[in-house]
Amino acid sequence: MKKFFTIFFICLAMAANISVARADMIRVSDVDVQNFVHSIANVIYSEEFQKEKPLLLTNAAKIENTEFPEIGKTAYVCQFGLKTATAPDGEIIFFIDSEEKVFAFKIVGYSNQSAENASVLLFIALQNLGLTQADAEFLINNLSDDEFLASSIVWSETKNRCFVLMAGARAQSAEGFQFVVVASDKKD
C-alpha cells in the first residue's frame, strides 16, 4: 500500500510541476516529431553505435495524449530495446504541439534492468535537442536525490532555453521508471 501511495504522489508531483510551469514552458525542439525521431534513429542505427549497443527503435505511432492534454491532443510513441531481447525495454513518448513540434518527451523504462538503455536513449535525445555534451551530461548527472521525484535543470546558451529533467518511478507498475524532459524560456 505504501508503494501505491508513493507512486501516486510521484505522478501528482510530475503533473503539478508541468502544470505549474506550463505558463513558462516552451517546446523542447523546433523540429517536428518525425524528423526528431529520425535524428535519434540515425544515431542508433549507425554502424559504430550498433557495434557497441545494438538498440532498436520502432517507428513512431500516433496516439491520443491523455497525460498532458494542455500541450495538445496528440502524442507519438516509439518502443526501444536491444535487438537480442524478446521484449522491449521501454518506450519514448513525444508530446507535440499544434505544429507537430516536440513540446516535451517522456522515456519510460518497463523494468529497472532497462535503466542503461533508457539512459543512453535519453542522452541521444538530449543531444538531438541541441544540447552540448556538457549540458546533457550535467542534466543527467545532477538529478537531485529526492525520495519521490528527482529533477535537474540546465540553461542551454546554444538553444536559449532552460531544460528540466524529472525522474521518478513508473506509475502503472510495481517496477520501472520514467524520465520527463520539458523546457522553459526562464533562465532561473
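In case you missed it, the structure is sitting above this.
Residues numbered from 1 in each chain as written. Predicted model: local features only at pLDDT ≥ 70, side-chain atom pairs only at ≥ 80, totals over all residues. Heavy atoms only, no water.

Colleague: In this structure, what is going on with the packing of aromatic side chains? I would like to understand it.
Modeller: Any two aromatic rings considered together are summarised by their centre-to-centre distance and by the angle between their planes. Counted under the stated rule, the structure contains five aromatic pairs. Residues F68 and F95 carry aromatic rings whose centres are separated by 4.9 Å and whose planes lie at 75 degrees to one another, so their mutual orientation is edge-to-face. In this pair, F68 sits in the loop between β3 (61-64) and β4 (74-82) while F95 sits in strand β5 (residues 90-96), placing the two residues 27 residues apart along the sequence. Both residues of the pair, F68 and F95, count as buried. Judged by centre distance (6.3 Å) and plane angle (45 degrees), the rings of F94 and F105 are tilted. With F94 in strand β5 and F105 in strand β6 (residues 102-109), this residue pair connects regions lying eleven residues apart in the sequence. (Phe/Tyr/Trp six-rings, centres within 6.5 Å; stacked < 30°, edge-to-face > 60°. Helix = DSSP H or I, 4+ residues; strand = E, 2+ residues; numbered from the N terminus. Buried < 20%, exposed > 50% of the residue type's maximum accessible area, 1.4 Å probe, protein only.)

Colleague: Before we go on, may I ask you to explain the nonpolar core in this structure?
Modeller: Here is a general trend for soluble globular proteins: nonpolar side chains tend to be buried in one another's company. Ranked by internal contacts, the top residues of the largest apolar core, which has 39 residues, are F94 and F105. Of all hydrophobic cores here, the second largest spans 14 residues; its members include I71, F103, V164 and V182. (Core = buried A, V, L, I, M, F, W, Y, C linked by side-chain atoms within 4.5 Å.)

Colleague: I keep staring at the packing of helix α4 (residues 115-128) against helix α5 (residues 133-141) and nothing clicks. Help me out?
Modeller: Each pair of packed helices can be described by the angle between their axes along with the distance between the axes. As a packed pair, α4 and α5 sit with axes 9 Å apart at the nearest point and diverge in direction by 135 degrees. Classified by the angle their axes make, α4 and α5 are oblique. With respect to the hand of their crossing, α4 and α5 are arranged in right-handed fashion. Here L122, F123, L126 and Q127 of α4 come into contact with α5, specifically with Q133, A136, E137, L139 and I140. (Axes fitted to C-alpha atoms, helices over the stretch in contact; angles between N-to-C directions. Parallel < 35°, antiparallel > 145°, perpendicular 65-115°, else oblique. Left-handed = near helix turned anticlockwise from the far one by under 90°. Contact = heavy atoms within 4.5 Å.)

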